[in-house]
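Topology and contacts: notes
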Amino acid sequence: MTKPTILVTGASGYIGGRLVEDLINLDYTVISMVRRPEQFRMQFPLKHEVRYGNTLEKESLDSALKGVDVAFYLVHSLSHNKNFEQAEVESAKNFVNSAELNGVKKIIYLGGLFNTHRPLSEHLRSRKEVGDVFRQSNVLSITLRASIILGSGSISFELIRNLTERLPFMITPKWVRVKAQPIGIRDVLSYLKESIQLNISEHQIYEIGGVDQVSYSDIMLEYARQRGLKRFIIPVPVLSPYISSLWLSIFTPIYSNIGRKL
């Protein structure tokens, strides 16, 4: 059986980079799509084809997707200071149009896990809308919905690590107690790779939340326990998301822009 040619968007990111490495080691023909090809080539350890692509530039996508059978969509617009939700939807529509033009057979999208019976944050709403765009296209798609992804280097984990390492005492907003279903990065990569050969005849959604339902505060306390740190967390109802974002900018400056949207 001939292996498909695979494009990985967001290859310079945490999940994308690890996925590209795994796919190359599995002898797939892999193409990385990034916005800074030369920089990526110098930094990435394994030689393979690298193409320029920007999801907000349709012409670049038309070139990046040529000859591609399966495309992984691992990009997001959280770094946009304004209208990131609109940018997310526009990016997905551009990608779908170019995928249809180039005869791509399957799109695999890593989105967010959410409760459909509760109001969604802008971030989760945008993740849902991107999946909706893919499911309205003529290219078959698989949407994997994941919660917090745990692994050294992931945004959620690094936020948790930074806050827990730096703050012995935390007064936190009440959302810190909202339950999530964290999943390890190796399990996420396994789901992504298995999706390549999965035969589907219509668009599919798979929820890949971990078996344990825990909150951010539970994870921080568990991290502290394993590091031998004493940490105290007191959730209060008066801290707004805006105040929380200011707090993040002080203690996790590298991740604060994306963290406040998460």
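Structural notes, computed from the coordinates. Everything quoted here is computed from the prediction, not taken from an experiment.

**Here's the deal with the nonpolar core**
Counting residues in hydrophobic clusters, the biggest one holds 31 residues, and the most contacted among them are V8, L23, F72, L110 and L192. Counting only elements with at least two residues in this core, the list comes to β1 (5–9), α1 (14–25), β2 (29–34), β4 (70–73), β5 (106–112), β6 (140–146) and α7 (185–197). Ranked by size, the runner-up nonpolar core spans 22 residues in total, among them V68, V89, Y109 and V130.

**So, the packing of aromatic side chains**
What the rule picks out here adds up to seven aromatic pairs. Ring geometry for F157 against Y223: centres 6.1 Å apart, planes inclined by 70°, an arrangement best described as edge-to-face. One end of the pair, F157, is in helix α6 (residues 155–166); the other, Y223, is in helix α8 (residues 216–227), with 66 residues separating them in the sequence. Using a relative accessible area of 17% as the deciding quantity, one classes F157 as buried. A residue is classified by how much of its surface remains accessible, and Y223, at 14% relative accessible area, is buried. Of the aromatic side chains, those joined through ring pairs into one cluster are Y73, F95, Y109 and F134.

**Considerations on unusual backbone geometry**
With a phi close to 65°, D27 is a non-glycine residue in the positive phi region. Tracing the backbone through its elements, the reader meets D27 in the loop between α1 and β2.

**Focus on the pairing of β4**
Side chains V70 and F72 project from β4 onto one buried face, and the interleaved A71 and Y73 project onto a second face that is buried too. Pairing of β4 with β5 involves four bridges; the strand directions are parallel. In the sheet register, V70 faces β5, and the bridge partner there is K106.

**Describing α8**
Each full turn of the α-helix corresponds to 3.6 residues, which orients residues three or four apart in the same direction. For α8, built from twelve residues, the straight-helix expectation of 16 Å at 1.5 Å per residue is met to within 8% by its first-to-last C-alpha distance of 16 Å. Taken together, the buried positions of α8 are occupied by S217, I219, M220, Y223 and A224. Buried residues along α8 cover an arc of 160° about the axis, so they all sit on one side. Across α8 from its buried face, at more than 90 degrees, point the exposed residues R225 and Q226. Packed against the buried residues of α8 are α6, β8 (169–173), β12 (214–215) and β13 (232–236). In the stretch just after α8, G228 is the one whose phi turns positive, near 70°.

Criteria and cut-off values
Residues numbered from 1 in each chain as written. Predicted model: local features only at pLDDT ≥ 70, side-chain atom pairs only at ≥ 80, totals over all residues. Heavy atoms only, no water. Core = buried A, V, L, I, M, F, W, Y, C linked by side-chain atoms within 4.5 Å. Buried < 20%, exposed > 50% of the residue type's maximum accessible area, 1.4 Å probe, protein only. Helix = DSSP H or I, 4+ residues; strand = E, 2+ residues; numbered from the N terminus. Phe/Tyr/Trp six-rings, centres within 6.5 Å; stacked < 30°, edge-to-face > 60°. Pairing = 2+ DSSP bridges. Expected span 1.5 Å × (residues − 1). Arc of directions from axis to C-beta. Contact = heavy atoms within 4.5 Å.

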